[in-house]
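# Notes for the structure review
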Amino acid sequence: MKKRMIALVLSSAMVLSLAACGGGGKTDSKKASSGEKDEEQYINTYMVSEPTTLDPSLRSDTYSSEILISTMEGLIRIEERDGEYKIMPGDAETWEKSDDGKVWTFHIGKDRKWSDGEPVTADQYVYSLQRSADPATGCPNSYFVTPILNYDAISSGEMNPDQLGVKAVDEYTLEITLTNPMPSFLESTDASIFYPQREDIVEKYGDQYGTDADKMVYNGPFTVDEWTHNSSIKLAKNDEYWDKENVDLGAVNYQIISDTSAITNAYDSGQIDFISASSQEDLQKYESDDNNTYTKTSGGNITFQFYNTKDKIFSNKKIREAFTLAVDHDDMNDMGFSGMREPLYGWIAPALTVGEKSLREEAGDPLKDLKSDLDKSGKTPKDILIEGMKELGLGDDPSKLDVTYSLAGTSDWFHTFGEYLQQMYKETLGINLKIDFSEWGIFEDNLTNGKYQIGFMSWGAYYNDPYDMLSVNMTDFNQIYTGWSNEEYDQLSKAGSIEMDETKRMDDYVKAERIFIEDYVTCPLATSVSHQFSKSYVHSKYVDYGEDQLYFAHPGWKNVYTSGR
Amino acid sequence: MFKYTIKRICYMIITLFAVATITFFLMRSIPGDPLASMARTLPEQTKANYYAKYGLDQPLFTQYLMYMKGLVHFDLGESILYAGRSVTGEIARTSPISGMVGGTALIIGTLIGVVLGIIAALKKNRWPDYIVMFIAILGATIPVFVLASLMQYVFAVKLGWLPASGWGKPSNMVLPVIVMGFGSVATYARYIKSSMLDTLGQDYVLTARAKGLSERAVILKHVLRNSLLPAVTIFSSSVVGVFTGAFVTEKMFSIPGIGFYYVSSINNNDYTMIMGTTVFYAALFIIMQLVVDFAYMILDPRIRVSSGD
């Protein structure tokens, strides 16, 4: 899993690098006044792996997402202005929703064009969504289409895809009908699955659609000019793009580099303009050099341990409590994650908001509270553990308790982390913890079959709605296989997801999270942080590099320029 | 000779068949099905279609027959990770790139290695010998990723002469060729040296010298030709190594070759791609073995007599 997790961290870093644009005035006056825009505008950057495909209906990896964000235009673009999310027009110039919040109408600009000069029309949006909903397509992200009317029946094959709740009222008016009102629907249309697709192009290339630069058409700020598989991707400015006046870059050159030291050498030699520091050593090296701008972004991904509530030992809440409260988050971040992440004391990632407010700020740090409650009661986690063991009739000697912690990875990092866990639980609970290392496929197989006790995983939020992370643990989804089920939790999460009133919605989510945390189903450990460095000549119009950035803003390379290269 | 060739080709096909079969069942015996992580979030119907697309809804034996049938037609299926890309197409696209980098490195490395080996043998226990053997030991002991990173640091970061990584320009090939060729230099220098020393002690060399031939003629006509024979043996495995052993170099320099692709398909659990590449490597290896055996027969009459039937 380390590979996967690192990939996740790195890729989220890449996505964040895109998030690095948007926002209000330039706060860094020194850089802003340092010079004019360079004559030749280009960016050299990298990604650690090859995008799987550019087909919006088939892609699911972050690499393709990074390319599509800059080469496609959806209905809207989520950007950042003055430290807040701002929904900017994409292909849709204006939009409105019905009073019951179920019907959304988007008015597509008549000047929106594809890279081959064809106009962007509403029926292309309809086609794209129907294609993704069609079970014959095999869309891995259909998740995003689920709120749309009749999706469930279509996905199970009971209805035809043309009965999906999307309609082209006329050439430039798109109407989307939802099953239930969904407060975060507009934001969710920023996802790649909402990009339009051209039936003629899809049919022309068949299963080759999106596999090469020329087997796609683009309607975004850039086109994919060249794609040398496993080697490089070149984006070029799209002259047909409706907002091309506001696009400065002429080209973005991606090199696919997967080796960490090769990435470092490429950055140090000036071959690439961006790098994501993955070790304390790199972090310090680049931070001390003025030629680099340090952009730290956190909050979209969480790392946690979770318990199999169907397991004999971990069906006991007190035992879960002991294992959770025994964790010293700061120590784990320093020792386990080399200080590269941030400790996290609740389930919802800090980047997720309800309206303008961060849920994490509203909900506080439930785990911290529980720890201090325990301290006040004068008990230690070990006492709780022994209480739990007695309840189960397992005696009162923790050293005889047979517990295995499953890690999805076999690399050095996992072995070191495993040793840390063993030592930590030995000291705090007196347990002789066993560690099981396996590859992700096997790990996941064990999870689905309930053959584990404690597991360790990362999870990222897809879009900015706490429901996105809460739904993972709902009885119907059970996506991390804890086997946990709580009616009140399900009900509160669901209620929140369709509640239009922000205060009430926040309230529902906060309550749901608290139920979940207080039942000790998981122990959230940390949130991953992207430590991105860019050369000081790279700038962005609204939120410059080096400033705090909102996690879910995705303007791609649209607002980026260089000055003083 | 003809009979022998036919026999060898038959053996080759049987070996390949065995490799393909073992690979297939080994891959299938790994816990978790090939599409598990991909299909996890899919709705039921979509999942069913997905499994049907790769034939995974069929019983294992049917799958095996389908796989073998495809193999006969050089159809290794479609990559699971990269939708729309056929495994055969990927191999055809990536292997020439590996061949180009690895081949250049191998040829240059071998030539240099042979020359250094000869020098070392002729100047045994003098300073040229020590220098050559020092290089040979370095080449055999320094891990490729260390050497690659060092080269990038010196030539790209410090001197700025060459790009650190990438593909497409001739300058991109310089560092990888040096890194890969270094290993060949080391190997061949050592082989040729010991083989030369061995030949120099042979009776026919004594005879040649006794005949009053010049030292130059002795070395070129008698010693060198005979010393090169063992090199042919390792050359064949080196050729396969061009495709297989280069994945570290390819990864370090972002070369879109087959080694890099093979490793990433393993990391990504791309089953069809893993199976396809494994069979390809096996085929390549077996063919190279055959070529070497024939090369021997041509080069050395003694082998021809004993192995031909």
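Residues numbered from 1 in each chain as written. Chains lettered and ligands numbered in written order. Predicted model: local features only at pLDDT ≥ 70, side-chain atom pairs only at ≥ 80, totals over all residues.

## Some remarks on the overall build of chain A
Helices and strands together make up the secondary structure of chain A, namely 19 helices and 21 strands. For a compact globule of 565 residues, the expected C-alpha radius of gyration is about 24 Å, and chain A comes in at 24 Å, within 12% of that figure. Overall size of chain A, expressed as C-alpha extent along the three principal axes, is 75 × 60 × 40 Å. The buried share of chain A, reckoned over its 565 residues, is 53%. (Helix = DSSP H or I, 4+ residues; strand = E, 2+ residues; numbered from the N terminus. Rg over C-alpha atoms; globule rule 2.2 N^0.38 Å. Buried ≥ 20, exposed ≤ 12 C-beta atoms within 10 Å, placed from the backbone.)

## Description of the overall build of chain B
Along chain B, the regular secondary structure elements total 15 helices and 0 strands. The C-alpha extent of chain B, read off along each of the three principal axes, is 85 × 60 × 30 Å. Looking at chain B residue by residue over its 309 residues, the buried ones come to 37%. For chain B, long-range pairs separated by at least 24 residues make up 70% of all intrachain contacts whose partners lie at least 6 apart in sequence. (Contact = placed C-beta atoms within 7 Å.)

## Observations regarding the environment of A:Ser128
For A:Ser128, the position within the fold is in helix H4 (residues 122–133). Distance from A:Ser128 to A:Ile193, taken between C-alpha atoms, is 7.8 Å for residues 65 residues apart in sequence.

## Focus: the interface of chain B and chain A
One widely used convention gives an interface's size as the accessible area the parts lose upon coming together. On the side of chain A, 41 residues touch chain B, which itself brings 42 residues to the contact. Ranked by the residues each element gives to the side of chain B that touches chain A, the list is headed by helix H3 (residues 44–53) of chain B, at 6 residues. Of the residues assigned to the side of chain B that touches chain A, the class counts are 21 nonpolar, 16 polar and 5 charged. (Nonpolar A, V, L, I, M, F, W, Y, C, P; charged D, E, K, R; others polar.)

## A look at the sheet that holds strand S6 (residues 166–170) of chain A
Residues and elements named next belong to chain A. Sheet architecture is open: 4 strands sit in the order S4-S5-S7-S6, paired in antiparallel fashion. Taken across any chain shown, the strands that pair with only one partner, and hence form the sheet edges, are strand S4 (92–97) and S6. Here the strands of the sheet are splayed against their neighbours by 20 degrees on average, with no regard to which way each runs. Contacts from H4 reach strand S5 (103–108), S6 and strand S7 (173–177) within the one sheet, and its direction differs from that of S6 by about 170 degrees. (Pairing = 2+ DSSP bridges. Axes fitted to C-alpha atoms, helices over the stretch in contact; angles between N-to-C directions.)

## A short note on the sheet that holds strand S10 (residues 251–256) of chain A
Residue and element names in this part refer to chain A. Spatially, S1-S10-S9-S8 is the arrangement adopted by the 4 strands of the open sheet, whose pairing is mixed. Single-partner strands in this sheet number two, and they are strand S1 (42–47) and strand S8 (222–228). Strand-to-strand twist in this sheet, taken as the mean axis angle between neighbours without regard to direction, amounts to 20 degrees. Packed onto the sheet, helix H3 (residues 62–71) meets S1, S8, strand S9 (232–237) and S10 and runs at close to 140 degrees relative to S8.

## Quick word on unusual backbone geometry
Residue and element names in this part refer to chain B. Unlike most non-glycine residues, phenylalanine 74 shows phi in positive territory, near 55 degrees. Assignment of secondary structure puts phenylalanine 74 in the loop between helix H4 (60–72) and helix H5 (87–122). Even without a glycine there, the phi angle at asparagine 125 is positive, about 60 degrees. Mapped onto the elements of the fold, asparagine 125 is located in the loop between H5 and helix H6 (127–141).

## Focus: the confidence of the model for chain B
All names here are of chain B. Chain-level pLDDT for chain B is 84 on average; 93% of the residues reach the 70-or-more range. Averaged over each element, pLDDT in chain B is lowest for helix H15 (residues 301–307) (58) and highest for helix H7 (residues 144–158) (90). The ipTM for the predicted assembly is 0.83, set against a pTM of 0.85. (pLDDT = per-residue confidence, 0-100.)

## Some details on the packing of helix H1 (residues 2–29) of chain B against helix H14 (residues 271–299) of chain B
Two packed helices can be described by the angle between their axes and the distance between those axes. Residues and elements named next belong to chain B. Put simply, H1 and H14 touch, their axes get as near as 10 Å, and they point 160 degrees apart. By the criterion of interaxial angle, the relationship of H1 to H14 is roughly antiparallel. Where H1 crosses over H14, the two elements pack in a sense that is right-handed. Residues Arg8, Met12, Thr15, Leu16, Val19, Ala20, Thr23, Phe24 and Met27 of H1 touch H14, and the partners they reach there are Tyr271, Ile274, Met275, Thr278, Val279, Ala282, Ala283, Ile286 and Leu290. Within the contact of H1 with H14, the residues separate by chemical class into 14 nonpolar, 3 polar and 1 charged. (Parallel < 35°, antiparallel > 145°, perpendicular 65-115°, else oblique. Left-handed = near helix turned anticlockwise from the far one by under 90°.)

## Let's talk about the pairing of S1(A)
All names here are of chain A. Taking burial as the measure, the 6 residues of S1 include 5 buried ones, the bulk of the element. As judged from the 6 bridges shared by S1 and S10, these two strands associate in the parallel manner. Bridge assignment links methionine 47 to a residue of S10, and that residue is isoleucine 256.

## Some words on the confidence of the model for chain A
Summary statistics for chain A give a mean pLDDT of 88 and a share of 94% for residues scoring 70 or more. Confidence over residues 1–33 of chain A falls short of pLDDT 50; this stretch has 90 contacts with residues more than four positions distant or in other chains.

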